[in-house]
Amino acid sequence: MEKYILLKTERENFSYIIDVFRLLIGNTAQIEEDRDFIKIKCQDVDETEIEATIESLENDLNALISSYQTTSLRPSKEITLAEKSFLEMSYGHYQFKNFLYQVKEKGAALDFFQFIVEGSGVTEDIILAMADCDLNVSKASNLLYMHRNTLLYKIERLITLSDFDLKSFNDLYLLVQLLRAK
């Protein structure tokens, strides 16, 4: 599966970081230097290997390196959204869901929300109904005047498309937070 990585650090360290990742990943990777960060697209690289490489680079360069990694089914759109918020993030190593907890700007939060629910049939009303009904699908379907199986279908579709489960407290909480970002 393809993996996409965004890295940011001090500008002077870009070339060294690119060289190290070329050695780690090989010539099959596409590495692109942007003005503010490095974009890497690669195949079959172990996540722990990437994390160990970043940690080693931080020690060698005596610098902080932030990273964002994804194996999304819709990577180009996710990376485009992440790029906008990544520069504003504090130092850290992020996967998609823990990255979303850091998104504070209302416009970006709503863009991520739309990206997550796109194509699933899940709407803001469904998210809020599931929260109001304490993750109970039957109660939420009654509140929404929707057949229970229709709601379950939409929830399953959301899981398939974005790995967000409305029957999971953490996933539902994160989606509600995106809706309520200030």
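Residues numbered from 1 in each chain as written. Predicted model: local features only at pLDDT ≥ 70, side-chain atom pairs only at ≥ 80, totals over all residues. Heavy atoms only, no water.

K.L.:
How do you make sense of helix H7 (residues 137-144) when you look at a structure like this?
P.N.:
Owing to its 3.6 residues per turn, the α-helix aligns residues three or four sequence positions apart on the same side. Looking at H7, one finds that the buried residues are Val137, Ala140 and Ser141. Buried residues of H7, seen end-on, are gathered within an arc of 100 degrees and therefore sit on one face of the element. Exposed positions of H7 whose direction lies more than 90 degrees from the buried face are Lys139 and Asn142. Where H7 is buried, its residues meet helix H6 (124-132) and helix H8 (148-162). A side-chain oxygen of the first residue of H7 lies 3.0 Å from the backbone nitrogen of Ser138; this N-cap is Asn136. Just downstream of H7 lies Tyr145, where phi reads positive at about 55 degrees. (Buried < 20%, exposed > 50% of the residue type's maximum accessible area, 1.4 Å probe, protein only. Helix = DSSP H or I, 4+ residues; strand = E, 2+ residues; numbered from the N terminus. Arc of directions from axis to C-beta. Contact = heavy atoms within 4.5 Å. Polar contact = N/O pair within 3.5 Å; in protein donor to acceptor, adjacent residues only side chain to side chain.)

K.L.:
Which parts of the structure should I look at to understand the packing of aromatic side chains?
P.N.:
Aromatic ring pairs are described here by two measures, namely the spacing of the ring centres and the angle between the planes. Using the criterion set out here, one finds nine aromatic pairs in the structure. Lys97 extends its terminal NZ or CZ atom over the ring of Phe164, reaching a point 4.6 Å from the ring centre. (Phe/Tyr/Trp six-rings, centres within 6.5 Å; stacked < 30°, edge-to-face > 60°. Lys NZ or Arg CZ within 6 Å of the ring centre and 35° of its normal.)

K.L.:
Explain H8 to me, please; I cannot follow it from the model alone.
P.N.:
Its 15 residues place the ends of H8 21 Å apart at the C-alpha level, agreeing with the 21 Å of an ideal helix rising 1.5 Å per residue. Of all the residues in H8, the buried ones are Leu151, Ile155, Leu158 and Ser162. When H8 is viewed along its axis, its buried side chains cluster within an angular range of 65 degrees and face the same direction. Of the residues in H8, the exposed ones pointing more than 90 degrees away from the buried face are Asn149, Tyr153 and Thr160. (Expected span 1.5 Å × (residues − 1).)

K.L.:
Would you take a moment to explain the packing of H7 against H8 for this structure?
P.N.:
The packing of two helices is summarised by the inter-axis angle and the distance between the axes. Where H7 meets H8, the closest approach of the two axes is 9 Å, and the angle between their N-to-C directions is 110 degrees. In this view, H7 runs roughly perpendicular relative to H8, as classed from their interaxial angle. Both H7 and H8 take part in a crossing whose hand is right-handed. Side by side, H7 and H8 meet where Val137, Ser138, Ala140, Ser141 and Leu144 of the first sit next to Arg148, Leu151, Leu152 and Ile155 of the second. (Axes fitted to C-alpha atoms, helices over the stretch in contact; angles between N-to-C directions. Parallel < 35°, antiparallel > 145°, perpendicular 65-115°, else oblique. Left-handed = near helix turned anticlockwise from the far one by under 90°.)

K.L.:
Just to check I follow, could you spell out the nonpolar core for this structure?
P.N.:
Soluble globular proteins tend to bury their nonpolar side chains together. By size, the foremost hydrophobic cluster in this structure holds 41 residues, and its most contacted members are Ile116 and Leu166. Elements represented by at least two residues in this core include exactly strand S1 (2-8), helix H3 (75-86), helix H4 (96-100), helix H5 (106-117), H6, H7, H8 and helix H9 (169-179). Per element, the largest residue contribution to this core is seven residues, and it comes from H5. With sequence-adjacent residues up to four places away left out, Ile116 is seen in contact with Arg74, Phe96, Leu100, Leu158, Ser162, Phe164, Leu175 and Leu178. One finds Phe14, Phe21, Ile31 and Ile40 within the second-largest nonpolar core, a separate group that totals 18 residues. (Core = buried A, V, L, I, M, F, W, Y, C linked by side-chain atoms within 4.5 Å.)

K.L.:
How should the layout of surface pockets be read in this particular structure?
P.N.:
Gaps left between atoms are located by rolling a probe of water-molecule size over the structure's atoms. Reported here for the largest pocket is a volume of approximately 410 Å³. For the largest pocket, the lining is made up of 24 residues, of which Thr70, Thr71, Ser72, Leu73 and Glu78 are closest to its centre. The set of elements that each furnish at least two residues to the lining of the largest pocket consists of strand S4 (66-70), H4, H5 and H8. Among the elements that line the lining of the largest pocket, the one with the most residues is H8, at four residues. Split into classes, the residues belonging to the lining of the largest pocket amount to nine nonpolar, eight polar and seven charged. Considered as a void within the structure, the second largest pocket measures approximately 180 Å³ in volume. Lining the second largest pocket are 13 residues, with Tyr4, Glu32, Lys39, Lys41 and Ile79 sitting closest to its centre. Of all the secondary-structure elements, those providing two or more residues to the lining of the second largest pocket are S1, strand S2 (30-33), strand S3 (38-43) and H3. At five residues, the largest contribution of residues to the lining of the second largest pocket is made by H3. (1 Å grid on protein atoms, 1.4 Å probe; cavity = no way out; pocket = protein on both sides within 12 Å on 5 of 7 lines; lining within 4 Å. Points joined across faces, edges and corners; volume = space filled by probe spheres on them. Nonpolar A, V, L, I, M, F, W, Y, C, P; charged D, E, K, R; others polar.)

That is the geometry; function is a separate question.
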